[in-house]
Amino acid sequence: MKPFGYVRARTVPEAIEAHMNAPAARYLGGGTNLVDLMKLGVETPATLVDISALPLGEIEESAEGGLRVGATVRNSDLAAHPRVRADWPVLSHALLAGASGQLRNAATTGGNLLQRTRCPYFQDLAQPCGKRTPGTGCGALTGHSRDLAVLGASPACLATHPSDMAVALAALDAVLTVEGPGGTRTLPVTELHRLPGAHPERDTTLAPGELISAVTLPPATAGAPSAYRKARDRASYAFALVSVAALLRLGPDGTVRQARLAFGGVAPRPWRAPRAEDVLTGARADEETFRRAVAAELAQARPRPDNAFKVPLAAELAVATLTDLATAPEPQS
């Protein structure tokens, strides 16, 4: 075992100071991803700053009428929260699809967002991986890429982001509260994760020492029909080959008044689909519109021979989800 330091922080400023004072420090929440990577030797932090005791475990109404979720709220508690189930059901669906009950009881909201890829080349120290060791290349380029990205990848990295929750939050226009050495700032969840480009080792846009303290669900997406669907190799808690988070609100004339769509399992970050949303908004809510919208988004896909199936799979999954939402009764406020 490689030795490492350990600090148990009691306040956010204390956690940030501990992180900044310790080279190669990492924040530790539930540990369901970080500890696994430490066991594999992929992550080798010199210091763990335990933030599980920070006062960030509450779910409360925001001043604007949305919902503010503390970063240490457990995934099981968030999935079961009555307001989430009633007003943002896509988030509850995504959390329940993401892991076993035991893992949901341990995993935190902030940690779920910041989990690292499950790409087999990233997790295998014998394989080249520029995300794990910058400058070493990507073994998947000449290897097995069936489970990897068809959107947003680069010659340096084909890895996909593993979170189900993050896909739902991307579709819901969630906003993060970020604390760091420079103070507090807000960040749309869609701006948290980076595409790999030439620097796949940089997963997010967070600065050194910054941590997520809360996620806010906005009132603008509350109450609309929404759903999460996930295609995977086995039904029991596998990572997504493709997933879809969708929200669809119709006007009285049957046209789309509000549309939100995001994909998981297809890109290095949760993939919000603005091209599809542009086609959907104001159009008739029918299968022809849904297929045209999804095709506009997936035209950017650049699959490899062994994962080309992901493109039609994503299309069919999205069309089916949108069709179900279009025929669902509008929830009563």
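Refer to the structure presented above.
First things first, this report covers the structure right here in the doc.

## Side note on the overall build of the protein chain
In terms of helices and strands, the protein chain carries twelve helices and twelve strands. A compact globule built from 333 residues would reach a C-alpha radius of gyration of about 20 Å, and the protein chain, at 20 Å, matches this within 12%. Dimensions of the protein chain, computed from C-alpha atoms along their principal axes, come out at roughly 65 × 50 × 35 Å. Out of the 333 residues in the protein chain, the part that is buried amounts to 53%. Residue pairs at least 24 apart in sequence account for 63% of intrachain contacts in the protein chain once pairs closer than 6 positions are excluded. Surface accessibility of the protein chain: about 14,400 Å² in total, with carbon and sulfur atoms responsible for 54%. Charge centroids of the protein chain, computed over 34 positive and 32 negative side chains, lie 4 Å from each other.

## So, the sheet that holds strand β12 (residues 271-272)
Sheet architecture is open: four strands sit in the order β9-β10-β11-β12, paired in antiparallel fashion. The open sheet is flanked by β9 (226-231) and β12, the only strands paired with a single partner. Relative to β12, strand β11 (residues 256-264) runs antiparallel, the two sharing two bridges. Looking across to β12, one finds that Phe 263 is bridged to Trp 271. Against the sheet, helix α5 (residues 89-98) contacts β9 and β10 (242-250), and its axis sits at roughly 25° relative to β9. Helix α11 (residues 287-298) contacts β10, β11 and β12 of the sheet and is inclined by roughly 45° relative to β11.

## Quick look at the pairing of strand β6 (residues 175-180)
Burial analysis of β6 places five of its six residues in the buried class, the great majority of the element. Bridge analysis of β6 against strand β7 (residues 183-188) gives six bridges, and the strand direction is antiparallel. Following the sheet pairing, Gly 180 is matched in β7 by Gly 183. Here β6 folds back onto β7 in antiparallel fashion, the turn holding two residues.

## What about the nonpolar core?
Within soluble globular proteins, side chains that are nonpolar tend to cluster in buried spots. Counting residues in each nonpolar core, the largest one holds 37 residues, and the members touching the most others are Leu 78, Leu 91, Leu 113, Leu 169, Leu 176 and Leu 217. Broken down by secondary-structure element, the contributors of at least two residues to this core are β5 (67-70), α3 (75-80), α5, α9 (165-171), β6, β8 (211-217) and β10. The leading source of residues in this core is α9, at seven residues. Residue contacts for Leu 113: discarding those within four places in its chain leaves His 161, Met 165, Ala 166, Leu 169, Leu 176, Val 189, Leu 192, His 193, Ile 212 and Val 215. Counting residues in each nonpolar core, the second largest holds 31 residues, with Ala 227, Ala 231, Ala 314 and Ala 315 among its members.

## Considering the packing of α11 against helix α12 (residues 310-327)
α12 packs onto α11 with a crossing angle of 140° between their chain directions and a minimal axis gap of 9 Å. Taken together, the axes of α11 and α12 lie oblique to each other. The two elements α11 and α12 cross, and the hand of that crossing is right-handed. Of the residues in α12, those in contact with Glu 287, Phe 290, Arg 291, Val 294 and Leu 298 of α11 are Val 311, Ala 314, Ala 315, Glu 316, Ala 318, Val 319, Leu 322, Thr 323 and Ala 326. For the contact of α11 with α12, the class distribution of residues is ten nonpolar, one polar and three charged.

## Things to note about the environment of Glu 61
Position of Glu 61 among the secondary structure elements: in strand β4 (residues 59-61). C-alpha separation for the pair Glu 61 and Thr 216, spaced 155 residues apart in sequence, amounts to 9.2 Å. The residues contacting Glu 61, other than those within four sequence positions of it, are Gly 66, Leu 67 and Arg 83. Within the structure, the side chain of Glu 61 is placed 2.6 Å from the side chain of Arg 83, a separation counted as a polar contact.

## Structural notes on the environment of Arg 272
Position of Arg 272 among the secondary structure elements: in strand β12. Sequence-distant contacts of Arg 272, defined by excluding residues within four places in its chain, comprise Ala 170, Ala 171, Asp 173, Thr 190, Arg 260, Leu 261, Ala 262, Glu 277 and Glu 297. Engagement of the side chain of Arg 272 in a polar contact is seen with the backbone oxygen of Ala 170, the distance being 2.8 Å. A distance of 2.7 Å separates a polar atom in the side chain of Arg 272 from a polar atom in the side chain of Asp 173.

## Here's the deal with α12
Side chains of residues three or four places apart in an α-helix project in the same direction, reflecting 3.6 residues per turn. In this model α12 runs 26 Å from its N-terminal to its C-terminal C-alpha over 18 residues, within 8% of the 26 Å that 1.5 Å per residue would give. Taken together, the buried positions of α12 are occupied by Lys 310, Ala 314, Ala 315, Leu 317, Ala 318, Val 319, Thr 321, Leu 322, Leu 325 and Ala 326. Considering only its buried residues, α12 is in contact with β9, β10, β11, α10 (274-280) and α11.

## A few points about unusual backbone geometry
For Ala 24, which is not glycine, the phi dihedral falls at a positive 55°. One can find Ala 24 in the loop between α1 (12-21) and β2 (25-28). Its identity is not glycine, yet Asp 173 carries a phi of approximately 60°, on the positive side.

Reading the values: the criteria
Residues numbered from 1 in each chain as written. Predicted model: local features only at pLDDT ≥ 70, side-chain atom pairs only at ≥ 80, totals over all residues. Heavy atoms only, no water. Helix = DSSP H or I, 4+ residues; strand = E, 2+ residues; numbered from the N terminus. Rg over C-alpha atoms; globule rule 2.2 N^0.38 Å. Buried < 20%, exposed > 50% of the residue type's maximum accessible area, 1.4 Å probe, protein only. Contact = heavy atoms within 4.5 Å. Areas by Shrake-Rupley, 256 points an atom, 1.4 Å probe, with all protein chains shown as cover. Lys, Arg positive; Asp, Glu negative; His and termini not counted. Charge placed at Lys NZ, Arg CZ, Asp CG, Glu CD. Pairing = 2+ DSSP bridges. Axes fitted to C-alpha atoms, helices over the stretch in contact; angles between N-to-C directions. Core = buried A, V, L, I, M, F, W, Y, C linked by side-chain atoms within 4.5 Å. Parallel < 35°, antiparallel > 145°, perpendicular 65-115°, else oblique. Left-handed = near helix turned anticlockwise from the far one by under 90°. Nonpolar A, V, L, I, M, F, W, Y, C, P; charged D, E, K, R; others polar. Polar contact = N/O pair within 3.5 Å; in protein donor to acceptor, adjacent residues only side chain to side chain. Expected span 1.5 Å × (residues − 1).

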